[in-house]
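Structural overview for review
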Amino acid sequence: MTYSELSEQIFQKQSYLCVGLDTDSRKLPPHLLTEADPVFTFNKAIIDATIDFAVAYKPNIAFYEAQGPRGWESLQKTLDYIPKDCFTIADAKRGDIGNTSDLYARTFFDPTAAGLAFDSVTVAPYMGHDSVMPFLAYKGKWVILLALTSNVGSADFQRQIIGDQELFEMVIETAKTWAGPDQLMFVVGATQANELKRIRELAPDNFLLVPGVGTQGGSLADVSRLGLTKTGGLLVNASRSILYASDGTDFADRARAEAKALQLEMAHHLATIS
Ligand SMILES: O=C(O)c1cc(=O)[nH]c(=O)n1[C@@H]1O[C@H](COP(=O)(O)O)[C@@H](O)[C@H]1O
């Protein structure tokens, strides 16, 4: 999906919601456990329930890998089920020496080589340019680079001062020389809204993937006020607050209500940008 197609979807759906498919087999509604593939059955119901309100879906790969080969199968079926006009994110947080990153990129981008057909993958910047380039070699695919993450440990390295800037600022400035906003997004945690003004100065045109609203307590209002741009420029993720709103037979209805509430607030914020 291109930058302008993603932007169009946001204005069409009046939403920049990304539903995080962090499907934990231990948290599934009990009545689904007799299904042949409970994880896929759950994901299918969540996608059906939220599709009117979401522009993106982000399966976190850990939840699937932890299930062994069955998990990978559930992931493949889930990706195939997501409508093609939605942006898809493999939240894998990969990055390694070049030849290894090359295989990670194949895993998430190249169905002709037994891989998956995601639009994007999350990548850790720590190993530098040659660990990121193999992902960027796939034209039409996106790298979503960790900049300032939502967790407390983000202070350990990302907030350290190097020269006259913090490490996450250096990551953004340097990575911008590797690819344009048509292929590169940055992850900024919703819990880091105070830094969004500075981040928008450094990256005015890049999409930001912002996880951490809902269960982690980030504010959608603050993120939207400081992060929205004329093209949208944001994908705000919520996982647990949508997926596990209920573990009863009403789980999909409750997930839909959570997603709808976020979308309604997003429509309101979109109306404030001209
Ligand atoms: O890259 C991410 O998506 C990510 C980065 C970050 O800084 N914080 C963060 O929570 N995430 C992911 O976003 C999702 C957040 O889930 P909830 O807190 O349940 O909404 C999880 O899949 C996390 O792995």
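Below: a short report on this structure.

Definitions and limits used
- Residues numbered from 1 in each chain as written.
- Predicted model: local features only at pLDDT ≥ 70, side-chain atom pairs only at ≥ 80, totals over all residues.
- Buried ≥ 20, exposed ≤ 12 C-beta atoms within 10 Å, placed from the backbone.
- Helix = DSSP H or I, 4+ residues; strand = E, 2+ residues; numbered from the N terminus.
- Arc of directions from axis to C-beta.
- Contact = placed C-beta atoms within 7 Å.
- Near = placed C-beta within 6 Å.
- Nonpolar A, V, L, I, M, F, W, Y, C, P; charged D, E, K, R; others polar.
- Pairing = 2+ DSSP bridges.
- Axes fitted to C-alpha atoms, helices over the stretch in contact; angles between N-to-C directions.
- Parallel < 35°, antiparallel > 145°, perpendicular 65-115°, else oblique.
- Left-handed = near helix turned anticlockwise from the far one by under 90°.

1. Points about helix 8 (residues 167–175)
Taken as a whole, helix 8 has its buried residues at F168, E169, V171, I172 and A175. Projected down its long axis, helix 8 carries its buried residues within an arc of 155°, all on one side. For helix 8, the elements touching its buried residues are strand 5 (142–148), strand 7 (165–166), strand 8 (184–188) and helix 9 (196–202).

2. Description of the environment of R26
Within the element layout of this structure, R26 appears in the loop between strand 1 (17–21) and helix 2 (38–50). Residues R26 and R94, 68 residues apart in the sequence, show an inter-C-alpha distance of 25 Å.

3. Side note on the site of the ligand
Neighbouring the ligand are 19 residues; T149, S150, P211, S239 and R240 lie closest to it. Elements with a contribution of two residues or more to the shell around the ligand: strand 10 (234–238) and helix 11 (240–243). Of the residues assigned to the shell around the ligand, the class counts are three nonpolar, 13 polar and three charged.

4. Examining the sheet that holds strand 9 (residues 208–211)
The strand order around the closed barrel built from eight strands is 1-2-3-4-5-8-9-10, with neighbouring strands paired in parallel fashion. Between one strand and the next, the sheet's axes are offset by a mean angle of 30°, whatever the strand orientation. As paired elements, strand 8 and strand 9 share two bridges and run parallel to each other. If you follow F186 over to strand 9, its bridge partner there is L208. Of the strands in this sheet, strand 4 (120–123) and strand 5 are in contact with helix 6 (residues 129–136), which crosses strand 5 at around 145°. The sheet strands contacting helix 10 (residues 220–227) are strand 9 and strand 10, and the helix crosses strand 10 at an angle near 165°.

5. Details of the packing of helix 2 against helix 4 (residues 69–81)
One can describe the packing of helix 2 onto helix 4 by two numbers: an axis separation of 9 Å at closest approach and a directional angle of 20°. With respect to each other, helix 2 and helix 4 are oriented roughly parallel. For the crossing formed where helix 2 meets helix 4, the hand is right-handed. Where helix 2 approaches helix 4, its residues V39, F40, N43, K44 and I47 are matched on the opposing element by S74, K77, T78 and Y81. A breakdown of the residues in the contact of helix 2 with helix 4 according to their chemical character gives four nonpolar, three polar and two charged.

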